[in-house]
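# Examining the three-dimensional arrangement
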Amino acid sequence: MLLLLLILRQICPTLLTETCSSREPPCTASSSNTMSITNSHAPAGNQETEGVPWEEFPYREYMLKDLDGADIQYSQTFSINVNKSSRMKPDRKVPDNRPSECRQQKYEVDLRPSVSVIITFFQEARSTLLRTIVSVLTRSPSNLIKEILLVDDYNDDETVGEELSKISKVRLLRNSGREGLIR
């Protein structure tokens, strides 16, 4: 299940401060916090997170890793048609279903603060997780997205999130044990 949260302070309050340094990750495993940063793309101050643009990420190879000849097993594991999902483009077109009044509304995006988007995942198909990240990056003004924080809730396959942390603005936190949504 993917869950987008915009309340970063509940996960790790120090991630919102400008005093974070790329050498000392703000969240580390301890007796009271089982979360740790597992990539080296941590932003320092207002600098943009290092990494490659999602268009340069080898998304086709990444998504096809869920298909190792066991289509039936993966369809049962993820409860979706992984074969079809892994062959779809990550930036597929989605119709704008908003009422016409909403589509014509204009916002001053330069005046808005940037946000951290939190995506928690556990046993998620690579294709759906990648499409969620691409959707956030392509459908939001880039100056409004400070980072996308992936929270790996002790997924069986560590590489699922590690590979995605190579994408620009994407950071990965991996729990050292299964936490669920509520402790």
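Residues numbered from 1 in each chain as written. Predicted model: local features only at pLDDT ≥ 70, side-chain atom pairs only at ≥ 80, totals over all residues. Heavy atoms only, no water.

What follows covers the overall build of the chain. Looking only at helices and strands, one finds 6 helices and 5 strands in the chain. Along the chain, from the amino end to the carboxyl end, the secondary structure elements read β-β-α-α-α-α-β-α-β-α-β. The buried share among the 183 residues of the chain stands at 38%. For the chain, the accessible area works out to roughly 11,000 Å², and carbon and sulfur atoms hold 51% of it. (Helix = DSSP H or I, 4+ residues; strand = E, 2+ residues; numbered from the N terminus. Buried < 20%, exposed > 50% of the residue type's maximum accessible area, 1.4 Å probe, protein only. Areas by Shrake-Rupley, 256 points an atom, 1.4 Å probe, with all protein chains shown as cover.)

What follows concerns the environment of Phe57. Positionally, Phe57 belongs in the loop between strand 2 (35–37) and helix 1 (59–64). When the C-alpha atoms of Phe57 and Lys166 are compared, they prove to be 7.8 Å apart, with 109 residues separating the residues in sequence. For Phe57, the residues in contact, after removing those within four places along its chain, are Val52, Tyr62, Leu130, Glu163, Leu164 and Ile167. (Contact = heavy atoms within 4.5 Å.)

Quick look at helix 5 (residues 126–139) now. With 14 residues, helix 5 ought to run about 20 Å at 1.5 Å a step, and its terminal C-alpha atoms sit 20 Å apart, in line with that. Counting buried positions along helix 5 gives 10 out of 14 residues, so the element sits mostly inside the fold. Taken together, the buried positions of helix 5 are occupied by Arg126, Ser127, Thr128, Leu129, Leu130, Arg131, Thr132, Ile133, Val134 and Val136. (Expected span 1.5 Å × (residues − 1).)

Roughly 360 Å³ of internal volume is contained in the second largest pocket. Classifying every residue of the lining of the second largest pocket by side-chain character gives 6 nonpolar, 1 polar and 3 charged. (1 Å grid on protein atoms, 1.4 Å probe; cavity = no way out; pocket = protein on both sides within 12 Å on 5 of 7 lines; lining within 4 Å. Points joined across faces, edges and corners; volume = space filled by probe spheres on them. Nonpolar A, V, L, I, M, F, W, Y, C, P; charged D, E, K, R; others polar.)

Below, the discussion takes up the pairing of strand 4 (residues 145–152). For strand 4, the tally of buried residues reaches 7 of 8 residues, placing the bulk of the element in the interior. Pairing between strand 3 (residues 115–121) and strand 4: 7 bridges, direction parallel. Each residue of the ladder has a partner; that of Ile119, found in strand 4, is Leu150. In this region the chain leaves strand 3, passes through helix 5 and returns to the parallel neighbour strand 4; the handedness of that crossover is right-handed. The sheet contact formed by strand 4 and strand 5 (residues 170–175) spans 5 bridges and is parallel. Residue Val151 lies in a different strand from strand 5, and its bridge partner there is Leu173. (Pairing = 2+ DSSP bridges. Right-handed = clockwise from strand over helix to strand, strands pointing away.)

Moving on to the confidence of the model for the chain. Across the chain, pLDDT averages 75, with 68% of residues at or above 70. Long-range and interchain partners of residues 1–36, a stretch whose pLDDT sits below 50, account for 83 contacts in this model, where long-range means more than four residues apart. Here residues 38–48 scores under 50 on pLDDT; set against residues more than four positions off or in separate chains, the count is 25 contacts. (pLDDT = per-residue confidence, 0-100.)

What the rule picks out here adds up to 2 aromatic pairs. With a centroid separation of 6.2 Å and 50 degrees between ring planes, the pair formed by Trp54 and Tyr59 is classed as tilted. You'll find Trp54 and Tyr59 in the same group, each marked buried. Note on Phe57 and Tyr62: the rings are 5.5 Å apart at their centroids and 65 degrees apart in plane angle, and the pair reads as edge-to-face. Here the guanidinium or amino end of Arg126 rests over the ring plane of Tyr62, the centre of that ring lying 5.5 Å away. Over the ring of Phe122 we find Arg178, and its NZ or CZ is 3.9 Å from the ring centre. (Phe/Tyr/Trp six-rings, centres within 6.5 Å; stacked < 30°, edge-to-face > 60°. Lys NZ or Arg CZ within 6 Å of the ring centre and 35° of its normal.)

On to the nonpolar core. Counting 21 residues, the largest nonpolar core has Tyr62, Leu129, Leu130, Leu150 and Leu164 as the members making the most contacts within it. Put simply, the parts of the chain that give this core at least two residues each are helix 1, strand 3, helix 5, strand 4, helix 6 (159–164) and strand 5. In terms of residue count, the dominant contributor to this core is helix 5 (5 residues). Dropping the residues within four chain positions of it, Tyr62 is found in contact with Phe57, Arg126, Leu129, Leu130, Val160, Glu163 and Leu164. (Core = buried A, V, L, I, M, F, W, Y, C linked by side-chain atoms within 4.5 Å.)

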